[in-house]
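# A closer look at the structure
Read off the chains here:
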Amino acid sequence: MTTTAEPDAVSAPRWVVGDLLRAVALASVAVGASGWGFVGFALFLLVLGGTMIPRALGAPPSLDVTYCSVLLAGAWAAVLDLYLRFAWLDTVVHAAATGLIAVVAYVVTVRVRWLPATVPWPGRVVVATGAGTVLALVWEVLEWAGHALVDDRIQVGYEDTLGDLVSGMVGAAIAGALLLSDALLRQPGARRAGPAR
């Protein structure tokens, strides 16, 4: 019995919104450089690089769009000093961004075969939480280096750093628990085995 072939899991239309966000990230590099100098340029260049990762992974559109949106929103909030106007925003963005970055980092480790896709759910949460915490720590070191060596307008401080690390750790744990599904870890185009016809 012949069946009609299913559409490929990675098709052009699914990437439209994510690719529009990547175009915004690219434009933001130029705007950031002209408006905020080297700090703006470096920040948005980092964001642009980050937004390319889900595209390369063939991540689901929902993860791609959410991840890219949060990275862009977090960067723009920084250059527009929104974290100074709304203290709660820093906590929310650090939790969301670190959580999503931890999930994407986990998918990368599976795709390059550093981790098997068959790790049980509790193990995925532990690894995602650890990865998010390490990445949050690296970010805080970069913030401190930027403040000390590049531009003292970059906000750093003891309470801010600790709050950011805790927010990132919690965000990574929640994101790992909610988002690291078997479907996400499958290679693009792979289908779950079904009954023979």
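This structure is a prediction, so every number in the text was calculated from the model and none was measured. Along each chain, residues carry numbers from 1 onward, in the same order as the chain's sequence is written. Side-chain atom pairs in this predicted model are given and counted only at pLDDT of 80 or more, local residue features only at pLDDT of at least 70, and totals for whole chains, interfaces and linings cover all residues. By convention in this description, side-chain values take in all heavy atoms of the structure and omit both hydrogens and water.

### A closer look at the overall build of the protein
Selection criterion: Segments assigned H or I by DSSP are reported as helices when at least four residues long, segments assigned E as strands when at least two residues long, and all are numbered from the N terminus. Residue contacts follow a heavy-atom distance rule, with two residues in contact if any of their heavy atoms lie within 4.5 Å. Where accessible areas are quoted, they stem from the Shrake-Rupley method and a 1.4 Å probe; at the residue level, only the protein chains shown are allowed to cover.
Within the protein one finds seven helices and zero strands. The contacts in the protein between residues at least 6 apart in sequence include a share of 72% that link residues at least 24 apart. When the accessible area of the protein is evaluated, it comes to approximately 11,400 Å², of which 71% is carbon and sulfur surface.

### Some thoughts on the packing of helix H1 (residues 16–57) against helix H2 (residues 61–79)
Operational definition: Axes here mean lines fitted to C-alpha atoms, for a helix over just the part in contact, with angles spanning 0 to 180 degrees between N-to-C directions. Throughout this description, any angle smaller than 35 degrees is read as roughly parallel, any larger than 145 degrees as roughly antiparallel, any in the 65 to 115 degree range as roughly perpendicular, and the remainder as oblique.
Closest axis-to-axis distance for the H1/H2 pair is 8 Å, and the angle between their directions is 10°. Relative to H2, the element H1 is oriented roughly parallel.

### Considering unusual backbone geometry
A negative phi angle characterises most non-glycine residues, just as the trans form characterises most peptide bonds. Notably, Asp81 is not glycine yet its phi reads approximately 60°, a positive angle. Following the sequence through the fold, Asp81 ends up in the loop between H2 and helix H3 (82–85).

### Observations concerning the side chain of Asp164
Note the following rule: Classification of residues uses two cut-offs on accessible area relative to the type maximum, computed with a 1.4 Å probe and protein chains only: under 20% is buried, over 50% is exposed, and between them is partly exposed.
Mapped onto the elements, Asp164 comes out in helix H6 (residues 158–179). Judged by relative accessible area, which is 2%, Asp164 ranks as buried.

### Topic: the packing of aromatic side chains
Geometrically, a pair of aromatic rings is defined through the distance of the ring centres and the angle of the planes. Note the cut-off: Note on ring pairs: Phe, Tyr and Trp rings are taken, using the six-membered ring of Trp, and paired if centres are within 6.5 Å. Classes follow the plane angle, with under 30 degrees stacked, over 60 edge-to-face and the rest tilted.
Following the criterion strictly, the structure yields three aromatic pairs and no others. Geometrically, the ring pair formed by Phe44 and Trp76 is tilted, given 4.8 Å between the ring centres and 50° between the ring planes. Of this pair, Phe44 sits in helix H1 while Trp76 sits in helix H2; the two residues are 32 residues apart in sequence, bridging distant segments of the chain. Considering the side-chain rings of Phe86 and Trp88, the 6.2 Å spacing of their centres and the 55° angle between planes classify their relative orientation as tilted. A relative accessible area of 33% places Phe86 in the partly exposed class.

### Looking at the confidence of the model for the protein
Predicted coordinates in areas of low pLDDT are best not read in detail. Convention followed: In predicted models, pLDDT denotes the confidence assigned by the predictor to each residue on a 0 to 100 scale.
Mean pLDDT over the protein: 87, with 88% of residues reaching 70 or higher. Element-level pLDDT for the protein is lowest in helix H7 (residues 182–185), with a mean of 85, against a maximum mean of 96 in H2. Every residue in residues 1–12 scores below 50 in pLDDT, and together they form nine contacts with partners more than four places removed in sequence or on other chains. Predicted confidence is poor over residues 193–197, with pLDDT under 50, and the contacts of this stretch with residues over four places away or in other chains come to one contact.

### What to know about the pattern of salt bridges
Just so we agree on the cut-off: Just to be clear on terms, a salt bridge is a Lys or Arg side-chain nitrogen sitting within 4 Å of an Asp or Glu carboxyl oxygen.
The full count for this structure, using the stated rule, is four salt bridges. One salt bridge connects Arg55 with Asp19, and the closest N-O pair in it is separated by 3.0 Å. In this structure, the salt-bridge partner of Asp64 is Arg22, at a minimum N-O distance of 2.9 Å. Placement of the pair is Asp64 in helix H2 and Arg22 in helix H1, with a sequence separation of 42 residues. Accessibility expressed as a relative area gives 0% for Asp64, which makes it buried. Classification of Arg22 as buried rests on a relative accessible area of 5%.

### Side note on the environment of Leu162
You can see Leu162 is positioned in helix H6. What makes Leu162 partly exposed here is its relative accessible area of 40%. Note: C-alpha distance between Leu162 and Leu137 (25 residues apart in sequence) is 9.6 Å.

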